[in-house]
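Residues per chain are reported as follows:
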Amino acid sequence: MRRRTIEPRPDWQRTVEEQGLIYPLTLPQSRLRSTGGTPIPDDSLRPYWDESAYYVFSLPEVEALEETVEELHAMCLAAADHIVTANRFADLGITDPRIAEAVAEAWHRRAELPSVYGRFDLRYDGTGPAKLIEYNADTPTSLVEAAAPQWFWMEDRFPGADQWNSLHERLVAAWKKQAALLPPGSPLHFAHSAADEIGEDLMTVAYLKETAGLDTEWIAMEEIGWDPLSGRFVDNQLRFIRSCFKLYPWEWLTADEFAGHVLDTLDNGGGTGSTLWIEPAWKMLLSNKALLAILWELHPGHPNLLPAYLDGPRELAHTTGYVAKPLLGREGAGVTVHERGTTPASALASPAVPGPENPCCYQELAPLPTFDGNHVVLGAWVVEDESAGLGIRESAGLITDEYARFLPHVIL
């Protein structure tokens with residue numbers, strides 16, 4: 001694994017936009033303000049898509065990483081089964097019996113429920129085993145740039161080379177395979193939140209809708225209606241929503257004012273309800289940071305895991321330092337870095353204080369590797385149960401947050 005600089009292609013912005021990455025390539029002014037009195041680093045002003053540099057991997061290196069990703073995925077599924085079997089929902093902050101019951105039923109019926117993708121975030125520097133930072137298996141983004149623009153970049157810059165990237169083909173195949181699980185005779189709705197300011201969720205959903213190749217319909221989450229007469233969710237044309245891919249976290253879906261209706265009409269396979277949601281409810285087991293601690297409990301000392309606990313940092317406070325992660329959160333929100341003898345660094349001005357009201361996972365501090373002064377995280381994609389591709393993000397700070405940039409890669 002090496003980082004190399006390169007001259008960006010002429011008119012690269014128009015090229016990338018034509019390939020599907022049409023949300024802003026530079027951060028909007030509203031996100032360039034100081035946060036909590038800390039000036040946003042100059043690096044943040046660089047485009048989100050950054051082709052002034054790229055990463056190089058060897059083929060044996062990528063093959064080893066693919067094996068690691070598939071092993072981690074299998075371990076996560078086993079951990080999910082353990083959570084359900086041992087009734088450890090409380091460790092995930094799931095205390096509502098109805099939600100726990102819905103997740104357990106979805107897990108037991110998972111063969112009947114469409115499930116498409118997920119993304120592992122890994123710490124890797126090219127010299128040692130990759131370490132799991134977290135797993136977003138419910139609403140992962142950065143998919144468009146990983147699947148299409150970086151592939152076309154490689155074809156322009158390194159014709160005849162290769163890339164860890166079979167995302168598009170695998171997504172098309174996954175939808176085709178799982179189409180039989182969808183309710184017949186009705187379109188598959190694709191939904192995202194209209195509150196998405198920069199368009200990332202919109203384009204992720206648009207791309208997935210394109211790969212589906214099915215009878216599909218658009219809808220914003222805020223436009224989904226409830227018909228009290230039929231007791232069903234409807235779209236803005238008053239058609240029943242029988243199936244819906246949502247780029248909207250399950251912890252939000254089960255907490256808003258319609259949560260009761262979601263649970264009442266949940267189709268967990270077998271045609272018992274009225275709305276089939278994708279990703280399914282069992283993905284709540286894998287997109288919760290408590291999974292990191294349960295994995296360590298089940299596989300202590302595993303070379304691809306970092307020590308992690310739910311009841312406090314334990315020995316980590318006196319040895320390596322630790323990272324406190326809220327059980328639910330995205331783009332580094334609320335994460336605090338605790339190095340020995342230093343003031344915690346955080347992604348937010350006022351991170352949640354760990355405690356009973358704000359449960360956290362405490363993971364060993366393993367600072368992201370730096371290449372040319374940039375902190376780097378690998379985003380390794382899984383489609384169904386197989387490794388499918390890689391996206392790389394760089395950030396100026398220790399926490400990969402909303403200011404991170406995406407860089408392409410190549411296998412040489």
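Residues numbered from 1 in each chain as written. Predicted model: local features only at pLDDT ≥ 70, side-chain atom pairs only at ≥ 80, totals over all residues. Heavy atoms only, no water.

**Student:** Tell me what's going on with the packing of helix 2 (residues 59-85) against helix 3 (residues 97-108), and back it up with residues and numbers.
**Tutor:** Packing of helix 2 against helix 3 leaves a shortest axis separation of 10 Å and a crossing angle of 130°. Taken together, the axes of helix 2 and helix 3 are oblique relative to one another. Of the two possible hands of crossing, helix 2 and helix 3 adopt the one that is left-handed. On helix 3, the residues touching L77, A80, D81 and V84 of helix 2 are A104, W107 and H108. Each residue belonging to the contact of helix 2 with helix 3 can be placed in one class, and the counts come to five nonpolar, one polar and one charged. (Axes fitted to C-alpha atoms, helices over the stretch in contact; angles between N-to-C directions. Helix = DSSP H or I, 4+ residues; strand = E, 2+ residues; numbered from the N terminus. Parallel < 35°, antiparallel > 145°, perpendicular 65-115°, else oblique. Left-handed = near helix turned anticlockwise from the far one by under 90°. Contact = heavy atoms within 4.5 Å. Nonpolar A, V, L, I, M, F, W, Y, C, P; charged D, E, K, R; others polar.)

**Student:** Quick one: what's the story with the nonpolar core, residue by residue and with numbers?
**Tutor:** Grouped together as the largest cluster of nonpolar side chains are 116 residues, with contacts concentrated most on F57, F120, L285 and L378. Once residues lying within four places of it in the same chain are set aside, the contact partners of F57 are M1, V62, L65, Y124, L378, L390, I392, H409, V410, I411 and L412. Within the second largest apolar cluster, five residues are counted, among which are V335, V337, L365 and I399. (Core = buried A, V, L, I, M, F, W, Y, C linked by side-chain atoms within 4.5 Å. Buried < 20%, exposed > 50% of the residue type's maximum accessible area, 1.4 Å probe, protein only.)

**Student:** Provide a residue-level description of the sheet that holds strand 2 (residues 53-57), including the pertinent values.
**Tutor:** A sheet is described by the order of its strands in space; here three strands give the open sequence 1-2-20, paired in mixed fashion. Because the sheet does not close on itself, it has two edges, and the strands there are strand 1 (2-5) and strand 20 (409-411). Direction aside, neighbouring strands of the sheet carry axes that sit 30° apart on average. Sheet analysis places strand 1 next to strand 2, joined by four bridges and oriented antiparallel. Paired with T5 across the two strands is A53, which belongs to strand 2. Its contacts with the sheet place helix 2 against strand 2 and strand 20, and it is angled at close to 85° to strand 2. (Pairing = 2+ DSSP bridges.)

**Student:** Describe the state of the cysteines, and please don't skip the residues or the numbers.
**Tutor:** Overall, the coordinates contain zero disulfides when judged by the stated rule. Cysteine C361 is unpaired, with the sulfur of C360 as its nearest cysteine sulfur at 8.4 Å. (Disulfide = S-S within 2.5 Å.)

**Student:** So what's going on with empty space enclosed by the protein? Which residues, and what values?
**Tutor:** Here the structure, examined in full by the defined rule, presents one cavity of 30 Å³ or more. Lining the largest cavity are L113, W250, L266, D267, N268, L276, W277, P280 and A281. Looking at the lining of the largest cavity residue by residue, the classes come out as seven nonpolar, one polar and one charged. (1 Å grid on protein atoms, 1.4 Å probe; cavity = no way out; pocket = protein on both sides within 12 Å on 5 of 7 lines; lining within 4 Å. Points joined across faces, edges and corners; volume = space filled by probe spheres on them.)

**Student:** Summarise the pairing of strand 5 (residues 188-192); cite the residues concerned and give the values.
**Tutor:** Of all five residues in strand 5, five are buried; the element is thus mostly enclosed. Side chains L188, F190 and H192 project from strand 5 onto one buried face, and the interleaved H189 and A191 project onto a second face that is buried too. Two strands pair when backbone bridges link them, and strand 5 and strand 6 (residues 216-220) are joined in this way by five bridges, in the parallel orientation. Within strand 6, the position partnered with A191 by the bridge is I219. Where strand 5 lies against strand 9 (residues 243-247), five bridges are found, and the strand directions are parallel.

**Student:** So, a negative patch on the surface: which residues are in play, and what are the values?
**Tutor:** A cluster of like negative charges, contributed by E63, E67, E70, E71 and D385, occupies part of the molecular surface. Tracing the sequence through the fold places E63 in helix 2. (Patch = residues over 30% accessible without salt bridge, like charges linked within 9 Å, V, L, I, M, F, W, Y side chains within 5 Å. Areas by Shrake-Rupley, 256 points an atom, 1.4 Å probe, with all protein chains shown as cover. Salt bridge = Lys/Arg side-chain N within 4 Å of Asp/Glu carboxyl O. Lys, Arg positive; Asp, Glu negative; His and termini not counted. Charge placed at Lys NZ, Arg CZ, Asp CG, Glu CD.)

**Student:** Please provide a residue-by-residue account of the pattern of salt bridges, values included.
**Tutor:** Oppositely charged side chains may form a pair once their charged atoms are brought near each other. Taken as a whole and assessed by the stated rule, the structure comprises 23 salt bridges. Ionic pairing is found between E105 and R109, a salt bridge with its closest N-O pair at 3.7 Å. Given a relative accessible area of 30%, E105 falls into the partly exposed group. Here R119 and D121 are joined by a salt bridge, their closest N and O atoms 3.0 Å apart. Members of the salt-bridge network, linked through shared partners, are R3, D50, D372, E394 and R405.

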